[in-house]
Amino acid sequence: MTTATVSPPASATKPTAAYLDEAERWSAHNYLPLPVVLDRGEGAWVWDVEGNRYLDMLSAYSALNQGHRHPAIVSAAREQMERLTLTSRAFHNDQMGPFLRELCEVAGYDAALPMNTGAEAVETAVKMVRKWGYETRGIPADRAEIVVCEDNFHGRTTTIVGFSSDEQYREGFGPFTPGFKIVPYGDVEALRAALGPNTAGFLVEPVQGEAGVVVPPDGYLAEAAALCREEGVAFIADEIQTGLGRTGRLFCCEWEDVRPDVLVVGKALGGGVYPVSAVIADAEFMDVFRPGDHGSTFGGNPLAAAVGRASLRVVLEEDLSRRSDELGSWFKEQLRAIPSPHVQEVRGKGLMIGVVIRESSGTARPFCEALQERGILAKETHQQVVRFAPPLTVEQSQLQDALVDIAAVLRE
Ligand SMILES: *Cc1c(COP(=O)(O)O)cnc(C)c1O
């Protein structure tokens, strides 16, 4: 019998270039990451395989609002792993009920449906609102429409990319699911014009993250929600990125006192430890699902539920929404005060901030590379925007130190 060659243990480190080559050789090339190989994280810090320390200003696209390896979340995960990790929904487990109750009590809704990734939760919301449209609004079979916004990002499934306005997300992946209409973001009149007798829902990000931290005009969410209410259309907020404190409120819709009919959460609900997402709604919507209508092998598993409970508790107990609001306002002002020939605009809410680079200065990518060399990890989004979204547990002193390097890079 021949012995298969095995890789050395993970602790045996190689030079950065060797890891990059290995990933290049063995992975699909669906990302273009910065050339940094991380092997440790704590709070807002991460370290690469060469021992260099960085401030993580991306937070895994806001999945790490509580910071890397938050002790309360890690210990909840560890304890749960010692007891029970997976039951499937064929049986009950002792964590899911408490998790969903706590989530609903915090958000103020009747019920929640647990999934794993954000895209699955968005798909769940689409199914829920379509069925609600047929059953309660009497929309003729297979005619339900959902209105979405230009430059949206709701995930990468075929249905979801089918209603993206980004050609690259769609190119080569059709045919797509029908039943979606795209309107400009931030334009209530365009939304009004798009609504028809078969419109079941309006799906919107309260701030568009992937589009480049695009904040809609003041009043947009409130007016859009009021319009949806008048027209009997479900207002679906995708708070996967904006939720759980990121924008300075627990949910970004709170900025305009909007209570969505359907609230979609994910990312930080898993505390950076495990994928946990959910759709939250009142019974009117949730009850369209009957046994067998929808499901997920891993959704609501006890490990996910235990992690979700701890992640939510940390956001509340450490008042991360307020930290995000206060640190975010301060940090944004500091960024705006940097005299830079390259910056067109600094925008955002809470610690979800985008620095827009002028097209005459090239793209945002070289700025991110220069930041990396100075120990700051940020990622460009949509060519021209450097996104700053550190864990909400970040210390003001860490941001203060980062500002010195950011200023140096933006002035160059
Ligand atoms: C990240 C994100 C998603 C998709 O979440 P995944 O977990 O990557 O599937 C959906 N909507 C928004 C607003 C997001 O930021």
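Predicted, not measured: the structure shown is a model, and the values here were computed from it. (Residues numbered from 1 in each chain as written. Predicted model: local features only at pLDDT ≥ 70, side-chain atom pairs only at ≥ 80, totals over all residues. Heavy atoms only, no water.)

**Q** An account of the site of the ligand is requested, with residue identities and associated values reported.
**A** Taken together, the neighbourhood of the ligand is formed by Thr117, Gly118, Ala119, Phe153, His154, Gly155, Glu205, Asp238, Ile240, Gln241 and Lys267. Between an oxygen atom of the ligand and a main-chain N or O atom of Gly118, the distance comes to 2.8 Å. If the ligand stood free it would expose 380 Å²; the protein chains cover 81% of that surface. Of the residues that constitute the shell around the ligand, the class distribution is three nonpolar, five polar and three charged. (Near = heavy atom within 4 Å. Polar contact = N/O pair within 3.5 Å; in protein donor to acceptor, adjacent residues only side chain to side chain. Areas by Shrake-Rupley, 256 points an atom, 1.4 Å probe, with all protein chains shown as cover. Nonpolar A, V, L, I, M, F, W, Y, C, P; charged D, E, K, R; others polar.)

**Q** Tell me about the nonpolar core, and please be specific about residues and values.
**A** Counting residues in hydrophobic clusters, the biggest one holds 89 residues, and the most contacted among them are Phe202, Phe235, Phe331, Leu335, Val386, Phe388 and Ile406. Examining the composition of this core, we find that eight residues originate from one element, helix α11 (residues 302–317), more than from any other. Non-local contacts of Phe235, meaning those with residues more than four positions away in its chain, are made with Phe202, Val204, Leu221, Ala224, Ala225, Cys228, Cys253, Val258, Pro260, Asp261 and Val262. In this structure, Val148, Phe163, Leu203 and Val264 belong to the second largest nonpolar core, which totals 30 residues. (Core = buried A, V, L, I, M, F, W, Y, C linked by side-chain atoms within 4.5 Å. Buried < 20%, exposed > 50% of the residue type's maximum accessible area, 1.4 Å probe, protein only. Helix = DSSP H or I, 4+ residues; strand = E, 2+ residues; numbered from the N terminus. Contact = heavy atoms within 4.5 Å.)

**Q** Can you break down the domain arrangement of the protein chain residue by residue, with the values?
**A** Partitioning the protein chain into structural domains gives domain 1 (1–56), domain 2 (71–317) and domain 3 (322–388 + 405–412). The gap between the C-alpha centroids of domain 2 and domain 3 is 28 Å. Between domain 2 and domain 3, the contact holds 19 residues from the first and 14 residues from the second. Buried surface at the junction of domain 2 and domain 3, both sides included, amounts to about 1400 Å², of which 56% is carbon and sulfur. Summed over the shared surface of domain 2 and domain 3, the result is two salt bridges. In this structure, Glu210 engages Arg387 in a salt bridge whose closest nitrogen and oxygen atoms are separated by 2.8 Å. For the pair domain 2 and domain 3, the interface holds twelve residue pairs in polar contact (both at pLDDT 80 or more). (Domains from an automatic or database assignment. Buried area = accessible area lost by both parts, 1.4 Å probe. Salt bridge = Lys/Arg side-chain N within 4 Å of Asp/Glu carboxyl O.)

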